[in-house]
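Coordinates in review
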Amino acid sequence: MNASDRTPADLLRSALAADPARPFVTFYDDATGERVELSVATFANWVAKTANLLQGELSAAPGDRLALLLPAHWQTAVWLLACSSVGVIAEVGGDPAAADLVVAGPDALEAGLACSGERVALSLAPLGRRFPAAPAGYADYAVEVPSQGDRFAPFVPVDPDAPALVVDGVERTGAQLVDQARTDAAAQGLGPGSRVLSGLPYDGWEGLSTGLYAPLAAGGSVVLCRNVDQLSPEALEKRVESERVTGAVL
């Protein structure tokens, strides 16, 4: 990654320029048997579409606060990078009533209705399927995002020193987030080609760093495992081998 990168969106752009075809996020849900693999290019395309949805359809602007009510999932990673691309502050597990927008999964739809602004729902079903019918009060992400543009340019340049992420009650700017991710990557011995398997939730910094930001900052990739506790030790060992994992945090 480039030393000049100061936001997560910068890190993603550098990863895309370096090797767009390499795997970046491989997602497993061991409750459903789902496996999804996204290259850097595919992931970046999802981020661009989601950022266009945020900025265009949802009228989000830098400094707006988005309550992110989603579990560890590849689509959650997309939303985190889309927020960084627009300059929207992603509040992981934030209070919908105090947020300008809310993005919620199936288990948080009722709570998300407390947001008076725009609301987006994700089914989190395999293959990114839509809801049979959009939940009341919400736009269905799977319906809205496909038609968005494949390239994104912010209306206003994102300030690296502006707040970007709130988790564990700690607010980080984009630059602070990148610095911490680099520090974490160095502490874990990550570098280009590192492949981290993470079974941690996305409800705290450790899970977000291990399962997204540190591998991104190091030029590595992540095998993100939801409900990994349902996997036998033998099956987990086989996954580590088949996915060429270089380090695992469960």
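So, here's what we can say about the structure.

Here is what the cut-offs are and how they apply
Once a new chain begins, its residue numbering starts again from 1 and follows that chain's sequence as written. Thresholds applied to this predicted model are a pLDDT of at least 70 for local features of residues and 80 or more for the giving and counting of side-chain atom pairs; totals over whole chains, interfaces and linings are not thresholded and use all residues. Hydrogen atoms and water are omitted, and side-chain values are computed over all heavy atoms in the structure. Categorising residues by exposure relies on relative accessible area from a 1.4 Å probe, with only protein chains included: less than 20% of the type maximum marks a residue as buried, more than 50% marks it as exposed, and the intermediate range marks it as partly exposed. In DSSP terms, a helix is any run of H or I states spanning at least four residues, a strand is any run of E spanning at least two, and both are numbered starting from the N terminus. Strands are treated as partners if at least two bridges between them are detected by DSSP. Handedness of a crossover: with both strands directed away from the viewer, a clockwise path from the first strand across the helix to the second marks it as right-handed. Residue contacts follow a heavy-atom distance rule, with two residues in contact if any of their heavy atoms lie within 4.5 Å. The axes used here are C-alpha line fits, helices contributing only the stretch in contact, and every angle between their N-to-C directions lies in the interval 0 to 180 degrees. The cut-offs work like this: below 35 degrees is roughly parallel, past 145 is roughly antiparallel, 65 to 115 is roughly perpendicular, and the gaps in between are oblique. Just so you know the grouping, Ala, Val, Leu, Ile, Met, Phe, Trp, Tyr, Cys and Pro go in nonpolar, Asp, Glu, Lys and Arg go in charged, and all remaining residues, Gly too, go in polar. Here the aromatic set is Phe, Tyr and Trp, taking the six-membered ring for Trp, and pairing holds for ring centres within 6.5 Å; pairs whose planes are under 30 degrees apart are stacked, those over 60 apart are edge-to-face, and all others are tilted. Take the residue count of a helix, subtract one, and multiply by 1.5 Å to get its expected span. To define a nonpolar core, start from buried Ala, Val, Leu, Ile, Met, Phe, Trp, Tyr and Cys residues and group those joined through side-chain atoms within 4.5 Å.

Quick look at the pairing of strand β3 (residues 65-69) now. Summarising burial for β3: 4 of the 5 residues are buried, a large majority. Bridge count between β3 and strand β4 (residues 89-92): 4 bridges; the pairing is parallel. Considered in β4, the bridge of R65 is made with I89. Note on the crossover from β3 through helix α3 (residues 74-86) to β4: the handedness is right-handed. Pairing of β3 with strand β5 (residues 101-104) involves 4 bridges; the strand directions are parallel. What sits directly across from L69, in β5, is A104.

With that settled, the discussion passes to the sheet that holds strand β7 (residues 139-140). If you trace the 7 strands from one edge of the open sheet to the other, you get β7-β6-β5-β3-β4-β8-β9, paired in mixed fashion. Here the strands that pair on one side only, and so sit at the sheet edges, are β7 and β9 (170-173). Note: strand β8 (residues 163-167) against β9, 4 bridges, orientation antiparallel. Looking at β9, one finds that V166 is bridged to E171. The sheet strands contacting α3 are β3, β4, β5, β6 (118-121) and β8, and the helix crosses β3 at an angle near 170°. In the packing of helix α7 (residues 205-218) onto the sheet, the strands contacted are β4, β8 and β9, and the crossing angle to β8 comes to about 125°.

The next point concerns the pairing of β6. Both β5 and β6 contribute to a ladder of 4 bridges, which runs parallel. Looking at the pairing, V103 lines up with V120 of β6. As defined by bridge partners, β6 adjoins β7 across 2 bridges and the pair is classed as parallel. Among the inter-strand pairings, V120 is bridged to a residue of β7, identified as A139.

Quick look at the packing of helix α1 (residues 8-18) against α3 now. When two helices pack together, their arrangement is given by the angle between the helix axes and by the axis-to-axis distance. Here α1 crosses α3 at 105°, and the two axes come no closer than 8 Å. Between α1 and α3, the angle falls in the class roughly perpendicular. When α1 is examined against α3, the residues P8, A9 and L12 are found in contact with a partner set consisting of L81, S84 and S85. Partitioned by chemical class, the residues of the contact of α1 with α3 number 4 nonpolar, 2 polar and no charged.

Attention now goes to α1. Side chains of residues three or four places apart in an α-helix project in the same direction, reflecting 3.6 residues per turn. Burial in α1 covers these residues: P8, A9, D10, L11, L12, S14 and A15. The elements touched by buried residues of α1 are α2 (40-57), α3, α6 (174-187) and α7.

Before going further, it helps to spend a moment on the packing of aromatic side chains. The description of two aromatic rings rests on the distance between their centres and on the angle between their planes. With the rule as written, the count across this model stands at 5 aromatic pairs. Residues W46 and W74 carry aromatic rings whose centres are separated by 4.9 Å and whose planes lie at 80° to one another, so their mutual orientation is edge-to-face. Of the two residues, W46 sits in helix α2 while W74 sits in helix α3, which places them 28 residues apart along the sequence. Judged by centre distance (6.3 Å) and plane angle (35°), the rings of W46 and Y141 are tilted. Taken together, the positions of W46 in helix α2 and Y141 in helix α5 (residues 141-144) put the pair 95 residues apart, joining distant regions of the chain.

Okay, unusual backbone geometry next. Here the phi dihedral of S59 falls at roughly 55°; this positive angle occurs in a residue that is not glycine. For S59, the location among the structural elements is in the loop between α2 and β3.

If you check α2, its first and last C-alpha atoms are 25 Å apart, about what 18 residues at 1.5 Å a residue would give, namely 26 Å. Those residues of α2 not exposed but buried are V40, F43, A44, V47, A48, K49, T50, A51, N52, L53, L54 and Q55. At the exit of α2 stands S59, carrying a positive phi of roughly 55°.

What follows deals with the nonpolar core. Core analysis: the largest hydrophobic core is formed by 54 residues, its most contacted members being F43, L54, W79, L80, L165 and Y213. Ranked by residues supplied to this core, first place goes to α3 with 9 residues. Filtering out sequence-adjacent residues up to four positions away, W79 remains in contact with T50, L53, L54, L58, L66, L68, L70, V103, V120, L122 and Y141.

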